[in-house]
Amino acid sequence: MRGRNDGGQSKRPVVLFCVMVVCLCLLFLYFSGSNGQAGSAALEYGTKFSRSLGWGSDGDGDDGSDESIFGTGDANDVKLKSFPVCDDRHSELIPCLDRNLIYQMRLKLDLNLMEHYERHCPPPERRFNCLIPPPHGYKVPIKWPKSRDIVWKANIPHTHLAKEKSDQNWMIDAGEKIKFPGGGTHFHHGADKYISSIANMLNFKDNIINNEGMLRTVLDVGCGVASFGGYLLSLNVIAMSLAPNDVHQNQIQFALERGIPAYLGVLGTKRLPYPSRSFELAHCSRCRIDWLQRDGILMLELDRLLRPGGYFAYSSPEAYAQDEEDRRIWKEMSSLAERMCWKIAEKKNQTVIWVKPLNNDCYRSRPRGTNPPLCKSGDDPDSVWGVTMEACITPYPEQMHRDGGSGLAPWPARLTTPPPRLADLYVTADAFEKDTEMWQQRVDNYWNLLRPKVKPESIRNIMDMKANFGSFAAALKEKDVWVMNAVSHDGPNTLKIIYDRGLIGSTHDWCEAFSTYPRTYDLLHAWTVFTDLEKRGCSAEDLLLEMDRILRPTGFLIVRDKAPIIVFIKKYLNALHWEAVTVVDGESSPESEENEMILIIRKKLWLPEGGSQDST
């Protein structure tokens, strides 16, 4: 025994020396690979870097310290000189929809239920802490309305859809540009004619889909490159074009590059991030969704989202039953729709349109035990963030049942008319109108501040990161823009008010990345978003990098927040390749505990090689 022990002791220094050599080699490789130089393979993750600078938390909102994540607010604090730049192969990174992350973390997901296309965000220790570079040759996007029909190929250098869908007129490879003729799988001859045919099937006046302002919000499921939604815009109808990051992974990227509202999402296991009764029309044109799976749960999710009297337009082979399998599917879909109390409004050629009932009468008259059942009384149909779908029918509240509809004014009057669902939030019509007036004044002030830098038609895609009632977006009604209104998942559920106003948006948590491609918004508006982040203890650095990821080069950021936060953000302008346009005091507000400041920033167009171009 003694001899064996002595031998182990003699080997121990050698083992320790080897371990030290290996550790030193790993440290050398790590720091040489992520030294912050542009063009490097920088894949530095968030927690190590952010904590070395005194930022962030482990995501649970409590790091044991009372110190603000924004420091002291002292303008003399050290300024960050640079952020690492991600490897250019990550120029299209979507952190919460990253297929590589799923593989690396070995997540056990059900592919049949599309779980791999749902959000799976990286834990804090695996978040990227680097700037997403634009692709080589990136150009300032073509402006709306020309962008509906043509974009720069260098900005989205993917032409596989042009080849794969060449017989369907989705898109055409045209040298330096990609053209969009307006076609689709079931409307080769153009979305405009197809939209008119749907209006004709519904007997709308003059074959105009907006039905004299009564049809305003649309959900286009499996939207392709969103030509359907793009052609609706000229008819005063706005669509949330929805598709997953699947084998046709760039379709939403093309939609946003074109200036068409779109969101990366999938009908999988979780509710879509929209409140109940948000859309007048749901649309599926050859969207390849198995509507019969799991007791019809996906059709029931559409039912949750449709308003009383809302429509589901379905264009697919099953609708005209060409073979035995199609006939079987059509028979079962028809039975399901009937048990859901949907009726066929019209069926013609390749399209069927169902209509949802206006009240609860049909639900109450169904035979006992009919499936799908009504949802339990305790179910909140507006609770959506991370909530699992249920195979049940969402009945109307008693007041809506008695009214026989949503009680909304036609567009555009509904934009400023207090909607009935304000009562759900205990908000008065007077408070709603004052909020609308206040944000009209604020937005007018923003545009005066932006005017020296903004050229006509230079802003198209806008995100309001904390939308409240959507009054910021409502104030832009005369501008040729659209707004993605983000509402916090853990605050008042005001998103249903936004949809009732005829606007669109999504529930979100700004401690996580948004479901969109890099470089998809021209303007971000962040009203007290950083203040909210501070209360939750999430990483301010992560949010700055996320804002940079989704902001287009030459795009603008408006931050309206407390003075210490403005000072904090200004320290990192150079590191983010941002430039301050102006800083002014904000108007006083009864909602603010202290006076707010307004910081307007412009993102420079910089190159992956490390140089930068003028923000023209």
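My aim in this report is to walk through the structure given alongside it, one point at a time. (Residues numbered from 1 in each chain as written. Predicted model: local features only at pLDDT ≥ 70, side-chain atom pairs only at ≥ 80, totals over all residues. Heavy atoms only, no water.)

**Looking at the overall build of the protein chain**
Reasoning step 1: Each helix and strand counted, the protein chain has 18 helices and 19 strands in total.
Reasoning step 2: Residues counted as buried form 55% of the 616 residues belonging to the protein chain.
Reasoning step 3: For the protein chain, restricting intrachain contacts to residue pairs at least 6 apart in sequence, the fraction spanning at least 24 positions comes to 71%.
Reasoning step 4: For the protein chain, the accessible area works out to roughly 27,300 Å², and carbon and sulfur atoms hold 51% of it. (Helix = DSSP H or I, 4+ residues; strand = E, 2+ residues; numbered from the N terminus. Buried < 20%, exposed > 50% of the residue type's maximum accessible area, 1.4 Å probe, protein only. Contact = heavy atoms within 4.5 Å. Areas by Shrake-Rupley, 256 points an atom, 1.4 Å probe, with all protein chains shown as cover.)

**Here we look at the packing of aromatic side chains**
Reasoning step 1: For the structure on display, the rule yields 22 aromatic pairs.
Reasoning step 2: Between phenylalanine 180 and phenylalanine 254, the ring centres sit 5.8 Å apart and the planes meet at 65°, which makes this aromatic pair edge-to-face. Pair noted here: phenylalanine 180 is in the loop between strand S3 (177-179) and helix H5 (191-201) and phenylalanine 254 is in helix H7 (residues 251-258), with a separation of 74 residues, a long-range link. Each member of the pair, phenylalanine 180 together with phenylalanine 254, is buried.
Reasoning step 3: By way of ring pairs, the aromatic residues Tyr263, Tyr274, Phe279, Tyr499, Trp510 and Phe514 are connected into one cluster.
Reasoning step 4: For lysine 466, the ring lying beneath its charged end belongs to tryptophan 527, and the centroid distance is 4.9 Å. (Phe/Tyr/Trp six-rings, centres within 6.5 Å; stacked < 30°, edge-to-face > 60°. Lys NZ or Arg CZ within 6 Å of the ring centre and 35° of its normal.)

**A word on the state of the cysteines**
Reasoning step 1: Inspection of the entire model under this criterion finds six disulfides.
Reasoning step 2: Here cysteine 86 engages in a disulfide with cysteine 130; their sulfurs sit 2.0 Å apart. Disulfide cysteine 86-cysteine 130: the torsion about the S-S bond is 85°, which places it as right-handed. Taken together, the residues span a long stretch of sequence, with cysteine 86 in the loop between helix H2 (46-52) and helix H3 (99-105) and cysteine 130 in the loop between H3 and strand S1 (150-152) at a distance of 44 residues.
Reasoning step 3: Assessed through its relative accessible area of 2%, cysteine 86 is described here as buried.
Reasoning step 4: The buried category is assigned to cysteine 130, whose relative accessible area is 4%.
Reasoning step 5: In the protein chain, the bonded cysteines, numbered by position in the sequence, are linked as 1-4, 2-3, 5-6, 7-8, 9-10, 11-12. (Disulfide = S-S within 2.5 Å.)

**Observations concerning the pairing of strand S7 (residues 279-285)**
Reasoning step 1: With seven of seven residues buried, S7 is to be regarded as a mostly interior element.
Reasoning step 2: Direction of pairing for strand S4 (residues 217-221) relative to S7: parallel, over a ladder of four bridges. Its bridge partner lying in S7, valine 221 is registered against cysteine 284.
Reasoning step 3: Where S7 meets strand S8 (residues 306-315), six bridges bridge the pair, whose relative direction is parallel. Among the inter-strand pairings, phenylalanine 279 is bridged to a residue of S8, identified as leucine 306. (Pairing = 2+ DSSP bridges.)

**Concerning the packing of helix H8 (residues 293-305) against helix H10 (residues 324-339)**
Reasoning step 1: It is the contact of H8 with H10, at a shortest axis distance of 11 Å, that shows an interaxial angle of 60°. Considered as vectors, H8 and H10 are oriented oblique to each other. By crossing handedness, the relation of H8 to H10 is classed as right-handed. Seen from H8, the contacting residues are Asp295, Gly296 and Met299; seen from H10, they are Met333, Leu336 and Ala337. (Axes fitted to C-alpha atoms, helices over the stretch in contact; angles between N-to-C directions. Parallel < 35°, antiparallel > 145°, perpendicular 65-115°, else oblique. Left-handed = near helix turned anticlockwise from the far one by under 90°.)

**Observations regarding H10**
Reasoning step 1: With 16 residues, H10 should reach 22 Å at 1.5 Å per residue; the first-to-last C-alpha distance of 23 Å fits that figure.
Reasoning step 2: Taken together, the buried positions of H10 are Asp326, Ile329, Trp330, Met333, Leu336 and Ala337. On an axial view of H10, the arc spanned by its buried residues comes to 130°, and they lie on one face. Exposed residues lying more than 90 degrees from the buried face of H10 are Glu324, Lys331 and Glu338.
Reasoning step 3: Contacts made by the buried residues of H10 are with H8, S8, helix H9 (317-320), strand S9 (343-348) and strand S10 (351-355).
Reasoning step 4: Between a side-chain oxygen at the N-terminus of H10 and the backbone nitrogen of glutamate 325 the separation is 3.2 Å; the capping residue is aspartate 323.
Reasoning step 5: Once H10 ends, the next one or two residues include cysteine 341, with phi positive near 75°. (Expected span 1.5 Å × (residues − 1). Arc of directions from axis to C-beta. Polar contact = N/O pair within 3.5 Å; in protein donor to acceptor, adjacent residues only side chain to side chain.)

By themselves, these are just geometric observations and shouldn't be taken as functional.
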